[in-house]
Protein chains: 2
Amino acid sequence: MDKPYVLGLDMGGTNSVLGIVDARGHVLARTSIKTQQYTDINDYVNALYEEAIKIIVPVGGMEMIRGIGAGAPNANYYSGNIENAANLPWKGIVPFAKLMSEKFGVPCTITNDANAAAMGEMQYGAARGMKNFIMITLGTGVGSGIVIDGKMVYGHDGFAGELGHTKIDRSDKARLCGCGQRGCIEAYASANGVARTAKEILATTTQPTLLRNVEDIDKITSYDVFKAAEEGDEVAKQIFDYTGTLLGQKLADFVAFSAPEAIVLFGGLTKSGHWIMDPIVKALNENVMPIWKNKVKVMFSDLKEADAAVLGASALAWE
Amino acid sequence: MDKPYVLGLDMGGTNSVLGIVDARGHVLARTSIKTQQYTDINDYVNALYEEAIKIIVPVGGMEMIRGIGAGAPNANYYSGNIENAANLPWKGIVPFAKLMSEKFGVPCTITNDANAAAMGEMQYGAARGMKNFIMITLGTGVGSGIVIDGKMVYGHDGFAGELGHTKIDRSDKARLCGCGQRGCIEAYASANGVARTAKEILATTTQPTLLRNVEDIDKITSYDVFKAAEEGDEVAKQIFDYTGTLLGQKLADFVAFSAPEAIVLFGGLTKSGHWIMDPIVKALNENVMPIWKNKVKVMFSDLKEADAAVLGASALAWE
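Given the structure is predicted, the values throughout are model-derived calculations rather than measurements.

About the cut-offs
All residue numbers refer to position in the chain's written sequence, counted from 1. Whichever chain is written first is A, and whichever ligand is written first is 1; the rest continue in order. Confidence filtering applies because this is a predicted model: local features only for residues at pLDDT of at least 70, side-chain atom pairs given and counted only at 80 or more, and all residues used for totals across whole chains, interfaces and linings. Hydrogens and water molecules were not included; the side-chain quantities draw on all heavy atoms of the structure. The numbering of helices and of strands both runs from the N terminus, where a helix is a DSSP run of H or I of at least 4 residues and a strand a run of E of at least 2. Restricting the calculation to C-alpha atoms gives the radius of gyration, and the globule rule supplies 2.2 Å times the number of residues raised to the power 0.38. Burial classification: accessible surface area is computed with a 1.4 Å probe over protein chains only, and a residue below 20% of its type maximum counts as buried, one above 50% as exposed, and the rest as partly exposed. Polar contacts, as counted here, are pairs of nitrogen or oxygen atoms within 3.5 Å of one another; within protein the pair requires one atom able to donate a hydrogen and one able to accept it, and residues that are adjacent in sequence qualify only if both atoms are side-chain atoms. The contact rule is simple, with two residues in contact once any of their heavy atoms fall within 4.5 Å. Note on patches: the residues involved have over 30% relative accessible area and no salt bridge, like charges join within 9 Å, and the nonpolar side chains Val, Leu, Ile, Met, Phe, Trp and Tyr join within 5 Å. Calculation of accessible area relied on Shrake-Rupley with a 1.4 Å probe; when residues are assessed, cover is drawn exclusively from the protein chains displayed. Each salt bridge in this description consists of a side-chain nitrogen of Lys or Arg and a carboxyl oxygen of Asp or Glu lying within 4 Å of one another. Note that His is not counted, nor are the chain ends; the positive residues are Lys and Arg, and the negative ones are Asp and Glu. Each charge is placed at NZ for Lys, CZ for Arg, CG for Asp and CD for Glu. Fitting of the copies onto one another was done by least squares over C-alpha atoms, counting residues only where both copies have pLDDT of at least 70. Arc definition: directions from the helix axis to the C-beta atoms. Strand pairing is assigned whenever DSSP detects at least two bridges linking the two strands. Orientation is described by axes fitted as lines to C-alpha atoms, over the contacting stretch for helices, and by angles from 0 to 180 degrees between their N-to-C directions. Buried area counts how much accessible surface, traced with a 1.4 Å probe, disappears from two parts once they are put together, with both parts' losses summed. Take the residue count of a helix, subtract one, and multiply by 1.5 Å to get its expected span.

Draft legend 1. Local environment of the overall build of chain A. The number of helices and strands found in chain A is 9 helices and 12 strands. Taken over the C-alpha trace, chain A has a radius of gyration of 20 Å; the compact-globule value for 319 residues is 20 Å, and the two agree within 12%. Principal-axis analysis of the C-alpha atoms gives chain A an extent of 65 × 45 × 35 Å. A total of 319 residues make up chain A; the buried ones form 60% of that total.

What follows is the structure in structure tokens.
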């Protein structure tokens, strides 16, 4: 009998979520471990296996599992390695696919987390049936997965789709990004970027705003700003306009590259609905060539945040 | 017997060059007409046919011709139309592939001129054997052809690869581009862009320079600047540094998109050799993520300028 299930792993800087997925994209069971708790990669793989077995035994054991697909920061599809991931406890080059497949006894394929989300979106989400779209993940960082002609773009070295590290500001005042460069869109449209914008506005104006009530402004999220905007807070609206405008301007560059049918946005920032969508769409259409004006759809992911990554990662295991 | 030849057409704003090409990429014969002389597209197609027949008869007549591949500004691979091309005499939407195949009695496939050049480069030029590269054409405008996984990127609508219209300057002082937008890299790294840079420097400084001898500064080319640089002219070097730096910064964005093995540069600006290459490579490597530093090749096309486009266009006809 063909093995009926695969494992999908969504490895984040904080949590690693593992799910058992069937061929129709149902997540039958899920479990998770804390990524940062394991400073040795072998301990991490062992812990993952122990947790996995608890949900695998009830569905019939490892002989029901065809393979593992994993989405992880800085994961290289070609080599199976995780390479120099800033937000993970393991430094240098980690042969993650090899370690996983040795431990679990089934093939393991990996890709970066944004690519995994894009695959989930293509198979089960807002991009179902689309052959050309760009997925932008707006979380701690800004990630991206690019699909052209129905296929994920990996590029020459497996690292294609680092759109978060294209530049939106080339001036002297450009923000420093976690990657070591200046002016990357990640430094503006990520959760950290939004917190920095809020901080700058609060420090440089005396405008009254609900955001002055946020306890730790360094940890402000787009959701805090959303709540304030919903109550009519002008500063909150200003933050969304600023963030959305920069992101929309940059999306226009991406449209000129691959002429996608749609751009799918995913992650924390999307919970702010029209407050962030309106300035994005406005700036996008103001910055594309006439042939693309009002032609490229911008949409929010319609998958649950946890599911998209697990489902997308699991899709790799069917290949 | 299989028909042994195809026709390749390189339609430019000034000249339309037509060549007979065999399966090994030899241009057996070539001819050309002046594009601007025909304000009616039917007259243009008729004139092209009359010229073509003169070189086709000696190789055995139309029964030896398998099909036509054409590279033209704003040509759409999917629809076969040329749509709203600013530099051509025919406005609106022109069903060019249909008109050509009706007149010649063989199938005609079209793509934009930069894509055609990229196909020529992939089959017969500097990108032979590469599966991931980006071709940038630096001529009257800045065009691009993107190859991912061995395939030309057309996108959802057939217009992918308009990298000349991504933004390098988002400030108030950004230059107006021919496309109606501001700050496009085309307004800086094209022949016109170089002339504008020269003009600005000459108007705002009193530095002595050989370029003050150029008769019509609006028509200055990168080749004029090259000749001056070769004679040690500081202003000429400054123009190359400025142009190359902006272009290299923008290429870094493209690398983050598709992680190409190489970027192949083509067109007038490349004749300036190291004067333009050095600042491009420097700015590129200063603006990519650490994983790509000094990893992406930047190279000049090694096809003759006329041949690349004709050969590339002809490649479409074999498909």
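Picking up after the structure, the text goes on.
Draft legend 2. Layout of the side chain of threonine 166 of chain A. Note on placement: threonine 166 of chain A falls in the loop between strand E10 (151–152) and helix H4 (186–189). In terms of polar contacts, threonine 166 of chain A uses its side chain to reach the backbone carbonyl oxygen of leucine 163 of chain A, at 2.8 Å. Beyond its immediate sequence surroundings of up to four residues, threonine 166 of chain A is in contact with Gly183, Cys184, Ile185, Lys250 and Phe254 of chain A together with Asp253 and Ala256 of chain B.

Draft legend 3. Representation of a positive patch on the surface within the structure. Taken together, the side chains of Lys131 and Lys151 of chain A together with Lys131 and Lys151 of chain B make up a positively charged region of the molecular surface. Secondary-structure assignment places lysine 151 of chain A in strand E10.

Draft legend 4. The relation of the copies chain A and chain B, seen in detail. When chain A is fitted onto chain B, the two copies agree to an RMSD of 0.0 Å after a turn of 180° and an axial shift of 0.0 Å. In symmetry terms, the pair is related by a two-fold rotation axis. A shared interface surface links the copies, since 100% of the contact residues of chain A are contact residues in chain B too.

Draft legend 5. Seen up close, helix H6 (residues 222–230) of chain A. Residues and elements named next belong to chain A. Among all positions in H6, only Ser222, Val225, Phe226, Ala228 and Ala229 are buried. Buried residues of H6, seen end-on, are gathered within an arc of 165° and therefore sit on one face of the element. Close packing links the buried residues of H6 with helix H5 (191–204), helix H7 (234–258) and helix H8 (274–287).

Draft legend 6. A look at the pairing of strand E8 (residues 133–138) of chain B. Residue and element names in this part refer to chain B. Buried residues dominate E8, accounting for 6 of its 6 residues. Burial along E8 is two-sided: the residues Phe133, Met135 and Thr137 and Ile134, Ile136 and Leu138 are all buried. Pairing of E8 with strand E9 (residues 142–148) involves 6 bridges; the strand directions are antiparallel. Bridged to isoleucine 134 within E9 is isoleucine 146.

Draft legend 7. Spatial organisation of the sheet that holds strand E12 (residues 297–300) of chain A. Residue and element names in this part refer to chain A. Reading across from one edge, E10-E9-E8-E11-E12 is the order of the 5 strands in this open sheet, with mixed pairing throughout. The outermost strands of the open sheet, each flanked by one partner alone, are E10 and E12. Across 5 bridges, strand E8 (residues 133–138) lies against strand E11 (residues 262–266) in parallel orientation. Its bridge partner lying in E11, phenylalanine 133 is registered against alanine 262. Contacting E11 and E12, H8 crosses the sheet at an angle of about 160° to E12.

Draft legend 8. Region of the structure containing the interface of chain A and chain B. Listed as interface residues are 39 residues of chain A and, on the opposing side, 39 residues of chain B. When the buried area of chain A at its contact with chain B is split by residue, His156, Arg170 and Phe257 of chain A rank highest and sum to 23% of it. Our count for the contact surface shared by chain A and chain B stands at 4 salt bridges. For aspartate 253 of chain A, the salt bridge identified is with arginine 170 of chain B, shortest N-O distance 3.3 Å. Seen at the junction of chain A and chain B, the total is 18 residue pairs in polar contact (both at pLDDT 80 or more). When contributions to the side of chain A that touches chain B are tallied by element, the ones reaching two or more residues are strand E9 (142–148), H7 and H8 of chain A.

Draft legend 9. How the structure looks around helix H1 (residues 41–56) of chain B. Residue and element names in this part refer to chain B. For H1, built from 16 residues, the straight-helix expectation of 22 Å at 1.5 Å per residue is met to within 8% by its first-to-last C-alpha distance of 22 Å. Elements that come into contact with the buried residues of H1 comprise strand E1 (5–11), strand E2 (15–22), strand E3 (27–34), strand E4 (65–71), strand E6 (93–94) and helix H2 (96–104). Where H1 begins, one side-chain oxygen reaches toward the backbone nitrogen of asparagine 42, 2.6 Å away; that side chain belongs to aspartate 40.

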